[in-house]
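A closer look at the structure
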Amino acid sequence: MTGSTLRRVALGTFLVLGVPALAACDNEGPAERAGESIDNSVSNAAKQTGQAMENVGNAIQDKSREVRDGN
């Protein structure tokens, strides 16, 4: 995992966990809607990054099995 990926995931986690703090507001204004939109975007990016990393890990395992088995 690269440093920039770690920073993105950390930022996404920080923003996603910050949403409950904003939930206390009764009236949803434009800033809150924008914040929620950003939170959703970062959360989706973090999920996609996690899935991509899992796919890479699976591909590495598959290739190492092929090499081990002589295929």
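Residues numbered from 1 in each chain as written. Predicted model: local features only at pLDDT ≥ 70, side-chain atom pairs only at ≥ 80, totals over all residues. Heavy atoms only, no water.

**With respect to the overall build of the chain**
The test is simple: Here a strand is any run of E in DSSP of at least two residues, a helix any run of H or I of at least four, and the numbering for each starts at the N terminus. Residue exposure (1.4 Å probe, protein chains only): buried if accessible area is under 20% of the type maximum, exposed if over 50%, otherwise partly exposed.
A tally of helices and strands in the chain yields 2 helices and 0 strands. Within the span of the chain, comprising 71 residues, buried residues form 10% of the whole.

**Focus on the pattern of salt bridges**
As a working rule, side chains carrying opposite charge can pair if their charged atoms are close by. The criterion, for reference: Any carboxyl oxygen of Asp or Glu that lies within 4 Å of a side-chain nitrogen of Lys or Arg is treated as forming a salt bridge with it.
As enumerated under the stated definition, the model contains 3 salt bridges in all. Ionic pairing is found between aspartate 62 and arginine 65, a salt bridge with its closest N-O pair at 3.3 Å. Taken together, the positions of aspartate 62 and arginine 65, both in helix 2 (residues 30–69) and 3 residues apart, correspond to about one turn of that helix. The class for arginine 65 is partly exposed, based on a relative accessible area of 40%.

**What to know about helix 2**
As a reminder, the rule being used: Take the number of residues in a helix, subtract one, and multiply by 1.5 Å to get its expected span.
Under the 1.5 Å per step criterion, the end-to-end length of helix 2 is 58 Å for 40 residues, consistent within 8% with the ideal 58 Å. Turning to helix 2, its buried residues number three or more, namely Glu32, Gly35, Asp39, Val42 and Ser43. Backbone geometry just after helix 2 places glycine 70 at a positive phi near 80 degrees.

**Describing the environment of glycine 35**
Among the structural elements, glycine 35 can be located in helix 2. Glycine 35 gets classed as buried once you look at its relative accessible area, which sits at 18%. Linking glycine 35 and leucine 15, residues 20 residues apart in sequence, is a C-alpha distance of 8.9 Å.

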